[in-house]
Amino acid sequence: MELKFGWPEYAIIGVLLTLPLLYELNSTFKYYSKILLYNVILMLSAILVMPVCLLRPFNYANYESAFAIFNFLTAIFGLKIEVINEEHLKTDSPCIVVCNHQSSLDLMVMSHLWPKKCICMVKKELLYSGPFGLTLKLANTIFVDRANTEKAKNTMNDVFANVRAEGVRKCARTR
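Residues numbered from 1 in each chain as written. Predicted model: local features only at pLDDT ≥ 70, side-chain atom pairs only at ≥ 80, totals over all residues. Heavy atoms only, no water.

## Here we look at the environment of Leu136
Working step 1: With respect to the secondary-structure elements, Leu136 resides in helix 5 (residues 131-138).
Working step 2: Leu136 sits 134 residues away from Glu2 along the chain, and the two C-alpha atoms are 53 Å apart.
Working step 3: With sequence-adjacent residues up to four places away left out, Leu136 is seen in contact with Val122, Leu126, Thr141 and Phe143. (Helix = DSSP H or I, 4+ residues; strand = E, 2+ residues; numbered from the N terminus. Contact = heavy atoms within 4.5 Å.)

Dropping the structure here:
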């Protein structure tokens, strides 16, 4: 039996032979390849966590399931995370954690310092990011509409009012 290759097969072989060469010789291609791989892993992680989130929808504990996967990925990628002043994050008091992150890669770092009973506030656009957005929704994430300033301010004011009220209730209980 004789194998015959047409132009599509040759094109695929050419691309498959070119990709490793590009990866080794072009740092920009290497960077975007790694980011693509990371984002594929991120979406697959969201799909893995989704059944747990469906069992307890809109529960902040769903973050812990997702972050367990991120902690595992950190170990696989050989990253060592050092959290300085970690004792400030271990509190039963209400708090606001502000993270000025630069990219989705920061999720692996944030998973190591995320306080218990903490929810996340993210830009509304992430809601439409496939399985990751649905998992965020099931984890009771607060979405901020940055395109509508008034709505964003109202959302943030509601959150801060709830944190303040929770703090007052906690203080009243401990007296």
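## So, unusual backbone geometry
Working step 1: Positive phi is not limited to glycine here, since Phe58 has a value of about 60 degrees.
Working step 2: Its location among the elements puts Phe58 in the loop between helix 2 (27-55) and helix 3 (62-76).
Working step 3: In this structure, Asn140 is a non-glycine residue whose phi angle is positive, near 70 degrees.
Working step 4: Tracing the backbone shows Asn140 in the loop between helix 5 and strand 2 (142-144).
Working step 5: Residue classification places Asn140 among the partly exposed positions, given a relative accessible area of 33%. (Buried < 20%, exposed > 50% of the residue type's maximum accessible area, 1.4 Å probe, protein only.)

## Looking at the side chain of Thr135
Working step 1: By the element assignment, Thr135 lies in helix 5.
Working step 2: Assessed through its relative accessible area of 8%, Thr135 is described here as buried.
Working step 3: Within the local environment of Thr135, its side chain forms a polar contact with the backbone oxygen of Ala46, the two atoms lying 3.2 Å apart.
Working step 4: In this structure, Thr135 is in contact with Ala46, Val49, Met50 and Cys53, ignoring residues within four places of it in sequence. (Polar contact = N/O pair within 3.5 Å; in protein donor to acceptor, adjacent residues only side chain to side chain.)

## Points about the side chain of Ser129
Working step 1: Note that Ser129 resides in the loop between strand 1 (121-123) and helix 5.
Working step 2: Polar side-chain contacts of Ser129 include one of 2.6 Å to the backbone oxygen of Leu126.
Working step 3: Of note is the side chain of Ser129, whose polar atom sits 3.4 Å from the backbone nitrogen of Gly133.

## Observations regarding helix 2
Working step 1: Between its first and last C-alpha, helix 2 extends 43 Å over 29 residues, near the 42 Å set by a 1.5 Å rise per residue.
Working step 2: The largest bend in helix 2 comes to about 35 degrees, at Val49, with the proline Pro51 one to four residues further on.
Working step 3: Within the span of helix 2, buried status applies to Ile35, Tyr38, Ile41, Leu42, Ser45, Ala46, Val49, Met50 and Cys53.
Working step 4: Looking at the buried residues of helix 2, the elements they touch are helix 3, helix 4 (106-113) and helix 5.
Working step 5: Two to three positions downstream of the cap, the backbone nitrogen of Thr28 sits 2.9 Å from a side-chain oxygen, assigning the N-cap of helix 2 to Asn26. (Expected span 1.5 Å × (residues − 1). Bend = angle between axes of the 7 residues up to and from the residue.)

## Overview of the packing of helix 3 against helix 4
Working step 1: Where helix 3 meets helix 4, the closest approach of the two axes is 9 Å, and the angle between their N-to-C directions is 115 degrees. Here helix 4 runs roughly perpendicular to helix 3, going by the angle between their axes. In this structure, helix 3 meets helix 4 at a crossing whose hand is left-handed. Residues Phe67, Phe70, Asn71, Leu73 and Thr74 of helix 3 pack against Leu107, Met108, Ser111 and His112 of helix 4.
Working step 2: Per-class residue counts for the contact of helix 3 with helix 4 are five nonpolar, four polar and no charged. (Axes fitted to C-alpha atoms, helices over the stretch in contact; angles between N-to-C directions. Parallel < 35°, antiparallel > 145°, perpendicular 65-115°, else oblique. Left-handed = near helix turned anticlockwise from the far one by under 90°. Nonpolar A, V, L, I, M, F, W, Y, C, P; charged D, E, K, R; others polar.)

Structural measurements only, silent on function.
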